[in-house]
Amino acid sequence: DPSTLLKRGKIILKADSNQFVNYSLSFRYPAHPSDEGTKASGLTLSKKISNLNGNKDIRIGDIVRISLEIAFQDSSNKPASSKLEFLALEDFTPAGLVPINSELKTEGMDGEAPINNDEDRAMAAGFYPSYLEIRDDGVRVFKNQIYQGVYRFSYLARAVTAGNFWMRGSRISAMYDPS
């Protein structure tokens, strides 16, 4: 039971030292994006993954574009709250995908603009980062400030492993105002 595990904070396995122990642990993370406690008023985030070769199926070696759309709409009508400062956007890729860092010459992405492609530019402004981290498990994007509107951030990833994978949800938050 996930709630019991989180309350106790530990799992104890007991076995005779002459025995081989084999175990697995699986639990569902209790905070779902649909829970009222995890929703933030004014910010919405959606994610789209599209295969650049046009195929629906993603195979090893395929390059995909991951697009994140961020919408900020403040409903308080206070002038001071029409902008957000110091945002952190975390996008986690499934285990079968690895983000491509176009700054590395070994990635073989010369001549392409993998980050923040201008597709559908009329619908959303580019979410150009103040700081960007590209890791093997995803991308972290930091932005000093945004104003009300719709923004898009996109990057490329390469399929490196075959299989079906679970994908952790993306999240955006104000770094210095967790509420």
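Thresholds, definitions, all that
Residues numbered from 1 in each chain as written. Predicted model: local features only at pLDDT ≥ 70, side-chain atom pairs only at ≥ 80, totals over all residues. Heavy atoms only, no water. Phe/Tyr/Trp six-rings, centres within 6.5 Å; stacked < 30°, edge-to-face > 60°. Buried < 20%, exposed > 50% of the residue type's maximum accessible area, 1.4 Å probe, protein only. Lys NZ or Arg CZ within 6 Å of the ring centre and 35° of its normal. 1 Å grid on protein atoms, 1.4 Å probe; cavity = no way out; pocket = protein on both sides within 12 Å on 5 of 7 lines; lining within 4 Å. Points joined across faces, edges and corners; volume = space filled by probe spheres on them. Nonpolar A, V, L, I, M, F, W, Y, C, P; charged D, E, K, R; others polar. Pairing = 2+ DSSP bridges. Helix = DSSP H or I, 4+ residues; strand = E, 2+ residues; numbered from the N terminus. Axes fitted to C-alpha atoms, helices over the stretch in contact; angles between N-to-C directions. Salt bridge = Lys/Arg side-chain N within 4 Å of Asp/Glu carboxyl O.

**Examining the packing of aromatic side chains**
- Following the criterion strictly, the structure yields 4 aromatic pairs and no others.
- An angle of 40 degrees between the planes, with centres 6.1 Å apart, marks the rings of Phe153 and Tyr155 as tilted. Accessibility assignment for this pair places Phe153 and Tyr155 in one class, buried.
- If you follow Arg168 out to its NZ or CZ, it ends over the ring of Phe92, 4.0 Å from the centre.

**Overview of the layout of surface pockets**
- Computed from the structure, the second largest pocket encloses a volume of approximately 230 Å³.
- Taken together, 13 residues make up the lining of the second largest pocket; nearest its centre are Ile58, Pro94, Leu97, Gly163 and Phe165.
- For the lining of the second largest pocket, the residue count by class is 8 nonpolar, 4 polar and 1 charged.

**Regarding the sheet that holds strand β3 (residues 83–92)**
- Read from one edge of the open sheet, 4 strands run β6-β7-β3-β9, paired in antiparallel fashion. Each edge of the open sheet carries a strand with a single partner, namely β6 (131–135) and β9 (171–174). With direction set aside, neighbouring strand axes in the sheet form an average angle of 20 degrees.
- Note that β3 and β9 share 4 bridges and pair antiparallel.

**A closer look at the pattern of salt bridges**
- One pass over the full model with this rule turns up 6 salt bridges.
- The closest approach of N and O atoms between Lys47 and Asp91, which form a salt bridge, is 2.7 Å. Here the residue Lys47 occupies a position in strand β1 (residues 43–51), and Asp91 occupies one in strand β3, the gap between them amounting to 44 residues.
- Look at Lys47 and you get partly exposed, because its relative accessible area is 28%.
- Here Arg140 makes a salt bridge to Asp137, at a shortest N to O gap of 3.1 Å.

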